[in-house]
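Residue strings, one per chain:
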Amino acid sequence: MLARIVALLAFLVPCLAHAATPEAVASATSAMMAACREAGGKPSLSAGYETAVDLNGDGQADYILDSNHLKCGGAVLPFCGASGGCLSEIFVSGPAGYRRAFSDNVYGFTIDRSARLPALRVSWHGFHCNRTGAEGCNQTLVWNGREFVAASGPARPPAPARTVPSEPRSNWALRRTGAATTIAFVTGQGPLRELSFICYRGQPYAAVIFRQSQSFDVGTMTATLAGRQVTFALQRQPDYPLTYAGAVGTTDLPRLVARASGDIVLALNGAPLATLPLDAAAATVRTALEPCFRF
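A few points on the structure. (Residues numbered from 1 in each chain as written. Predicted model: local features only at pLDDT ≥ 70, side-chain atom pairs only at ≥ 80, totals over all residues. Heavy atoms only, no water.)

## Here's the deal with the layout of surface pockets
Heads up, the condition is: Note on definitions: the grid is 1 Å and covers protein atoms alone; a cavity is a set of points where a 1.4 Å probe fits but cannot get out; a pocket is an open set with protein on both sides within 12 Å along at least five of seven lines; lining residues have an atom within 4 Å of a point. Grid points are joined across faces, edges and corners, and a volume is the space filled by probe spheres set on the points. Helix and strand assignments follow DSSP, with helices taken as H or I runs no shorter than four residues and strands as E runs no shorter than two, numbered in order from the N terminus. Classes in brief: Ala, Val, Leu, Ile, Met, Phe, Trp, Tyr, Cys and Pro nonpolar; Asp, Glu, Lys and Arg charged; the others, Gly included, polar.
Approximately 450 Å³ is the volume found for the largest pocket. Taken together, 20 residues form the lining of the largest pocket, with Ala101, Phe102, Glu147, Phe148 and Gln212 sitting closest to its centre. Within the residue set of the lining of the largest pocket, elements represented by two or more residues are β7 (99-112), β9 (137-143), β10 (148-150) and β17 (240-247). At 6 residues, the largest contribution of residues to the lining of the largest pocket is made by β7. Among the residues forming the lining of the largest pocket, the class breakdown is 10 nonpolar, 5 polar and 5 charged.

Below, the structure is given as structure tokens:
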């Protein structure tokens, strides 16, 4: 229902696009290249974007797609983060065809073929090692029969006592798409990659993108700011599993974000999610939502 919002936000999941590849892989790359065009760029694939290798041991090629190797001439790739690298995905084969088994932002990866099943050595956001994004994290991922998991190895430092690891504060900013739509966004922390506001079909929406797949399709987000709490529904976008969006036009959230200072504290389905700054939120959110919301 909200797939167009996802395209405008450029929270699109990339995948591959030439005749020799499975349909699921090809259609996803087409969507990712369309996101580049939507941002006003000219997409092109370079060496290293697609890697075919049997990762689950069934004798069929599986596909690794790394958008670090997708060029978007004239625009910035919207699915690349300042501290998290670019979106990469893995499609594995099975009795029912190909399915997406991994989707996250990475700085890069190499393939370790020393064991019976190849492993992936991944460099990505420090969140995965209970660190800040700037510190980064290197891990080895292996197939356990259902999904890719971190291989056993030296113990990592325990998670901090806080539910959300502390990270450098990010400021709000504006991003404009090729459709002349303006998005107000702020980089997230911990499991949350980004929070944003956008006008869609004359209504204001809030959208979030996670770093990893979530277990729910419809959830509840509670925002606490300026001594007030606002709750609204979020719905997963069927073709883009990391992205959730919800209408906020009947709430006071846009008005509060545009007037408040300090922080906005987010809770997902009753559990703490992230604490984000409201620095520069007033101007950016007003600019993005003025066409569809009366402040």
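From this point on, the discussion continues.
## A short note on the nonpolar core
The criterion, for reference: Among buried residues, those of type Ala, Val, Leu, Ile, Met, Phe, Trp, Tyr and Cys that are joined through side-chain atoms within 4.5 Å constitute a nonpolar core. Three labels apply to residues, based on accessible area from a 1.4 Å probe with only protein chains included: buried if under 20% of the type maximum, exposed if over 50%, partly exposed otherwise in between. Contacts between residues were defined by any pair of non-hydrogen atoms, one from each residue, lying within 4.5 Å.
The biggest cluster of nonpolar side chains holds 36 residues, and the ones touching the most others in it are Trp172, Phe197, Leu225, Leu253, Val257, Ile264 and Leu266. Among residues more than four places away in sequence, those in contact with leucine 225 are Leu253, Leu256, Val257, Ala260, Asp263, Ile264 and Leu278.

## What about unusual backbone geometry?
Even without a glycine there, the phi angle at arginine 201 is positive, about 50°. Along the chain, arginine 201 turns up in the loop between β13 (192-200) and β14 (203-210). Arginine 201 sits in the exposed class, given a relative accessible area of 73%. Despite not being glycine, alanine 280 has its phi angle at roughly 70°, a positive value.

## Focus on the sheet that holds strand β15 (residues 218-225)
For clarity, the cut-off: What makes two strands pair is DSSP finding at least two bridges between them. Inter-axis angles, ranging from 0 to 180 degrees, are taken between N-to-C directions of lines fitted to C-alpha atoms, where helices are fitted over the stretch in contact.
Read across the open sheet, the 9 strands follow the order β11-β12-β13-β14-β17-β16-β15-β18-β19; overall the sheet is antiparallel. What marks the edges here is a single partner per strand, and that holds for β11 (173-176) and β19 (271-277). Adjacent strand axes in the sheet meet at a mean angle of 30° when their direction is disregarded. Sheet analysis places strand β18 (residues 263-268) next to β19, joined by 6 bridges and oriented antiparallel. Bridging from a neighbouring strand, alanine 267 pairs with proline 272 of β19.

## Observations concerning the pairing of strand β4 (residues 70-73)
On β4, burial follows the alternation: Leu70 and Cys72 on one face are buried, whereas Lys71 and Gly73 on the facing-out side are not. By the bridge criterion, 4 bridges tie strand β1 (residues 42-45) to β4 in an arrangement that is antiparallel. Paired with lysine 42 across the strands is glycine 73, a residue of β4.

## Observations concerning the packing of aromatic side chains
Note the threshold: The rule is short: rings of Phe, Tyr and Trp, with Trp giving its six-membered ring, pair when the centres are within 6.5 Å, and they are stacked under 30 degrees, edge-to-face over 60, tilted in between. Each ring is checked for a lysine NZ or an arginine CZ that lies within 6 Å of its centre and within 35 degrees of its normal; such an atom marks a charge sitting over the ring.
As enumerated under the stated definition, the model contains 8 aromatic pairs in all. Pairing tyrosine 200 with tyrosine 205 gives two aromatic rings, centres 5.7 Å apart and planes at 75°, and the pair type is edge-to-face. Across this residue pair, the class does not change: tyrosine 200 and tyrosine 205 are buried. Among the aromatic side chains, those forming a connected cluster through ring pairs are Phe210, Phe216 and Tyr244. We note arginine 175 situated over the ring of phenylalanine 185; from NZ or CZ to the ring centre the distance is 4.5 Å.

## Regarding the side chain of serine 93
What counts is decided by this rule: As used in this structure description, the phrase polar contact means that two N or O atoms lie within 3.5 Å; if the pair is within protein, one of them must be able to donate a hydrogen and the other to accept it, and residues adjacent in sequence are counted only when both atoms belong to side chains.
Along the chain, the position of serine 93 falls in the loop between β6 (85-92) and β7. A distance of 2.5 Å separates the side chain of serine 93 from the side chain of aspartate 58, its partner in a polar contact. Beyond its immediate chain neighbours, meaning those up to four positions away, serine 93 contacts Asn56, Asp58, Gln60, Ala61, Asp62 and Tyr98.

## Description of the state of the cysteines
Basically, it comes down to this: A pair of sulfur atoms, both from cysteines and within 2.5 Å, is called a disulfide here.
With the rule as written, the count across this model stands at 3 disulfides. Here cysteine 36 is linked by a disulfide to cysteine 72, with a sulfur-sulfur distance of 1.9 Å. The chirality of the disulfide connecting cysteine 36 with cysteine 72 is right-handed, given an S-S dihedral of about 105°. Placement of cysteine 36 in helix α2 (residues 23-38) and of cysteine 72 in strand β4 is noted, with a sequence separation of 36 residues between them. The disulfide that involves cysteine 199 links it to cysteine 292, with 2.0 Å between the sulfurs. Taking the torsion about the S-S bond as the criterion, the cysteine 199 to cysteine 292 disulfide, at about -80°, is left-handed. Pair noted here: cysteine 199 is in strand β13 and cysteine 292 is in the segment after α4 (281-289), with a separation of 93 residues, a long-range link. One exposure class covers both cysteine 199 and cysteine 292, and it is buried.

Everything listed is a geometric property; what it means functionally is a separate question.
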